[in-house]
Amino acid sequence: MSRAYAAPAHQAPAELDGLLLWPAVGLLLLGLVMVYSSSIAMAEGSRFTGNQSTYFLFRHAVFLVVGLVAGVVAFQIPLRLWQQAAPWLFLAGVALLLLVLIPHVGRSVNGAQRWIGLGPINLQPSELMKLFVVLYAADYTSRKLDDMGSFLRGFGPMALVMVLVGALLLREPDFGALVVILGIATGILFLGGINARVFGGLIVVLALSFVVMIWASPYRRERIFGFMDPWQDAYGKGYQLSHSLIAFGRGEWFGVGLGASVEKLFYLPEAHTDFLLAVVAEELGFAGVCFVVVLFALLVQRSFAIGRQAMVLGRVHSGLVAQGIGIWLGVQSFINMGVNMGLLPTKGLTLPLMSFGGSGIVANCLALGILLRVDWENRQLMRGQQV
């Protein structure tokens, strides 16, 4: 038993992991504050919002409540039921990805058709698909442990379904979600013991595929060139990144103060979604950014620790689910932060748990509920062993 989970013989394990729960709550609440701060000027100046300054705050708060309720419900469901439902949830996710591509069903914004209109809200299937891929890949890998050394029996079937998902995501297009989903699937296969040569070949093939996809797409090439030197065309392809870097520069060590950002005043596009961290940097400074990074690092570390403990207890599927959620949160937050800081090319990915977006918040809360359930089942099993 690892030291992180060991408890004296006379003391039962706690019901929940505070180092997992409280960082998650902190990110959700900080996200609520920063979404309001970053969106207030845009909400006041837009006819779409009815010039209501609290438009995005109210909607984000509603999404957050729905997400928390969904997370509590997810926590009540045993992992064995999640495993049984995994293939069906994955098929439902594929159906939604197909549905969003149907004209007059899928909603198009800025040339991307990623949403399904459901009255006053928009459902983004790719956000739910990230969770479904975690569950499906963990189920597949736990059932195929003895075949992980075989290319045809172990890797082949998963590769085929990922190609299908990838093709649907590229049709939207949603290249950012594709990168995250492939990262989740390959990460879980690696943790499940996939053949080292197969895994190495997979990484090479994925890298070459990304290069081809970027080179074959004019708008992706422009983003790469804009990333390499955003100041060369600061009013064109480098506009978003240049203003994000300005926000980071203005924030210095401790920021200009909560609510005092200038870049959010119609200079920085997507300030409340993709570039929320830039507003955090400007208003709360280097200290605020470090605080966010530490909270995400804690979440990822606890996800892997919980998954490792589940495997020690013989619960392979639960362990892979926990670590898959850790991969998801880690990869997506790393990409978003890298884009905001100019370390990675501009890509439309939100900051998990913090950015505005109903589908993303609900999917993240569902994942946290499942992760807490894995930890809770670990602790119940340990409690039984101690008795």
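Residues numbered from 1 in each chain as written. Predicted model: local features only at pLDDT ≥ 70, side-chain atom pairs only at ≥ 80, totals over all residues. Heavy atoms only, no water.

A. The packing of aromatic side chains, seen in detail. Under the defined criterion, the tally for this structure stands at eight aromatic pairs. With 5.1 Å between their ring centres and 90° between their planes, Tyr55 and Phe56 make a pair best called edge-to-face. The class of Tyr55 is buried, set by a relative accessible area of 18%. Between Phe63 and Phe356, the aromatic rings sit 5.9 Å apart at their centres with planes inclined by 55°, giving tilted as the arrangement. (Phe/Tyr/Trp six-rings, centres within 6.5 Å; stacked < 30°, edge-to-face > 60°. Buried < 20%, exposed > 50% of the residue type's maximum accessible area, 1.4 Å probe, protein only.)

B. Structural context of the packing of helix α4 (residues 125-143) against helix α6 (residues 175-191). At a closest axis distance of 9 Å, the pairing of α4 and α6 adopts a crossing angle of 15°. One element, α4, and the other, α6, form an angle in the roughly parallel class. The interaxial crossing formed by α4 with α6 has right-handed handedness. Taken together, the residues of α6 that come into contact with α4 (itself represented by Ser126, Met129, Lys130, Val133, Val134, Ala137, Ala138, Tyr140 and Thr141) are Ala177, Val180, Ile181, Ile184, Ala185, Ile188 and Leu189. Considering only residue class, the contact of α4 with α6 consists of 13 nonpolar, two polar and one charged. (Axes fitted to C-alpha atoms, helices over the stretch in contact; angles between N-to-C directions. Helix = DSSP H or I, 4+ residues; strand = E, 2+ residues; numbered from the N terminus. Parallel < 35°, antiparallel > 145°, perpendicular 65-115°, else oblique. Left-handed = near helix turned anticlockwise from the far one by under 90°. Contact = heavy atoms within 4.5 Å. Nonpolar A, V, L, I, M, F, W, Y, C, P; charged D, E, K, R; others polar.)

C. Seen up close, the pairing of strand β1 (residues 106-109). As paired strands, β1 and strand β2 (residues 112-118) are joined by four bridges and run antiparallel to one another. Of the residues in β2, the one forming a bridge with Gly106 is Ile116. (Pairing = 2+ DSSP bridges.)

D. Focus on the confidence of the model for the protein. Residues of the protein with pLDDT of at least 70 account for 95%, and the chain-wide mean is 89. Mean pLDDT values for the elements of the protein range from 71 in helix α8 (residues 218-228) up to 97 in helix α10 (residues 276-312). This stretch, residues 1-12, has a pLDDT under 50; its non-local contacts, to residues over four places away or in other chains, come to 18 contacts. (pLDDT = per-residue confidence, 0-100.)

E. Main features of the sheet that holds β2. Reading across the sheet, the three strands line up as β1-β2-β3 and stay open at both edges, with antiparallel pairing between neighbours. In this open sheet, the two strands that pair with only one neighbour each are β1 and β3 (121-123). Taking the axes of each pair of neighbouring strands and ignoring which way they run, one obtains an average angle of 50° across the sheet.

F. Molecular detail of the pattern of salt bridges. One pass over the structure, following the stated rule, counts nine salt bridges. One salt bridge in this structure joins Glu282 and Arg250, with 2.3 Å as the shortest N-O distance. Within this pair, whereas Glu282 is found in helix α10, its partner Arg250 is found in helix α9 (residues 239-251), the two being separated by 32 residues in sequence. When salt bridges that share partners are traced, they join Arg315, Arg373 and Glu377 into one network. (Salt bridge = Lys/Arg side-chain N within 4 Å of Asp/Glu carboxyl O.)

G. View of unusual backbone geometry. For the peptide bond that leads from Glu172 to Pro173, omega is -5°, which places it in the cis range. Secondary-structure assignment places Pro173 in the loop between α5 (151-171) and α6. Backbone geometry at His104 places phi at a positive 70°, although glycine is not the residue there. Among the structural elements, His104 can be located in the loop between α3 (79-99) and β1. Backbone geometry places Glu252, a non-glycine residue, at a positive phi of 50°. Along the chain, the position of Glu252 falls in the loop between α9 and α10.

H. Local environment of the nonpolar core. In this structure, Phe90, Met129, Met162, Val165, Val292, Met354 and Ile370 are the most contacted members of the largest nonpolar core, which totals 102 residues. A total of 13 residues in this core trace back to one element, the largest contributor, which is α10. Setting aside its immediate chain neighbours within four residues, Phe90 contacts Met129, Phe132, Val133, Tyr136, Val161, Met162 and Val165. (Core = buried A, V, L, I, M, F, W, Y, C linked by side-chain atoms within 4.5 Å.)

I. Region of interest: helix α2 (residues 55-76). Between its first and last C-alpha, α2 extends 32 Å over 22 residues, near the 32 Å set by a 1.5 Å rise per residue. For α2, the full list of buried residues reads Tyr55, Phe56, His60, Phe63, Leu64, Gly67, Ala70, Gly71, Ala74 and Phe75. The buried side chains of α2 occupy one side of the element, clustering within an arc of 145° when seen end-on. In α2, the exposed residues that point more than 90 degrees away from the buried face are Phe58, Val65, Val72 and Gln76. (Expected span 1.5 Å × (residues − 1). Arc of directions from axis to C-beta.)

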